[in-house]
Amino acid sequence: GAGVSQSPSNKVTEKGKDVELRCDPISGHTALYWYRQSLGQGLEFLIYFQGNSAPDKSGLPSDRFSAERTGGSVSTLTIQRTQQEDSAVYLCASSLGSTNEKLFFGSGTQLSVL
Amino acid sequence: DAKTTQPPSMDCAEGRAANLPCNHSTISGNEYVYWYRQIHSQGPQYIIHGLKNNETNEMASLIITEDRKSSTLILPHATLRDTAVYYCIVRVGATGNQFYFGTGTSLTVIP
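Quick caveat, the model's predicted, so the values are computed rather than measured. (Residues numbered from 1 in each chain as written. Chains lettered and ligands numbered in written order. Predicted model: local features only at pLDDT ≥ 70, side-chain atom pairs only at ≥ 80, totals over all residues. Heavy atoms only, no water.)

Turning to the overall build of chain A, a few remarks are in order. Counting its regular elements, chain A contains zero helices and 10 strands. When the elements of chain A are put in sequence order from the N terminus, they spell out β-β-β-β-β-β-β-β-β-β. Expected size for 114 residues packed as a compact globule is a radius of gyration near 13 Å; at 13 Å, chain A falls within 12% of this value. Summarising its shape, the C-alpha atoms of chain A cover approximately 40 × 25 × 25 Å along the three principal directions. Of all 114 residues assigned to chain A, the portion counted as buried reaches 46%. Contacts in chain A between residues at least 24 apart in sequence constitute 54% of all its contacts with a sequence separation of at least 6. For chain A, the exposed surface amounts to about 5500 Å²; the carbon and sulfur share of it is 45%. (Helix = DSSP H or I, 4+ residues; strand = E, 2+ residues; numbered from the N terminus. Rg over C-alpha atoms; globule rule 2.2 N^0.38 Å. Buried < 20%, exposed > 50% of the residue type's maximum accessible area, 1.4 Å probe, protein only. Contact = heavy atoms within 4.5 Å. Areas by Shrake-Rupley, 256 points an atom, 1.4 Å probe, with all protein chains shown as cover.)

What follows is the structure, encoded as structure tokens:
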């Protein structure tokens, strides 16, 4: 597609439920990032994928968070047993993966945990 | 990656130049300076980046001091649509992976 696509755009869930957030990066982009942005805050790095390398998971806040990237393209961020503090906008970005690359962001998924 | 320090907020009159400062005193020799902006309810948008030399593109200019410990993003003729949060980030170009976004500078362009 023309840009990074994220779905759903909005997700409302109950505390304790699992949620899956999807990111379709720009075709040909080998690098993919997930960030989280709480209301009025900056972006918090979560995880980074680069090609076939092992992902950098250093930003995941707890073991309830996990992410996969299948076939080097689409990525899914899964949050298990959601808590109210998980409420935030989850942003995905992709890039060519080479030196000096720009990040291209999707519009995000607004997650609300009731 | 080096940390960056930005003022939390700034105002600028429409049509005037907006100069947004960023301190990155611990920057390493191979770390690039990137600027992104985030307009309300949208994902961040790339503006410009540089290593040592000043850079200019259709959106803005980036002035990096000779010691590379600070930089300034210049929007030459600010418009109301430039109202956004501006993030200054330093990142290792060759091997770094995460872009660390701080809280940025909230720029308000005033009519």
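On to the nonpolar core. Counting 21 residues, the largest nonpolar core has Trp35, Leu73, Tyr86 and Leu107 of chain B as the members making the most contacts within it. Contributing elements (two or more residues each) for this core: strand S2 (18-23), strand S3 (31-38), strand S4 (45-50), strand S6 (61-64), strand S7 (70-75), strand S8 (84-92) and strand S9 (105-110) of chain B. When residues of this core are assigned to their parent elements, the largest contribution, four residues, is made by S8 of chain B. Excluding its chain neighbours within four sequence positions, the residues that come into contact with Leu73 of chain B are Ala18, Asn19, Leu20, Trp35, Ile47, Ile48, Ala60, Ser61 and Tyr86 of chain B. Leu46, Leu60, Tyr90 and Val113 of chain A belong to the second largest nonpolar core, which has 20 residues in total. (Core = buried A, V, L, I, M, F, W, Y, C linked by side-chain atoms within 4.5 Å.)

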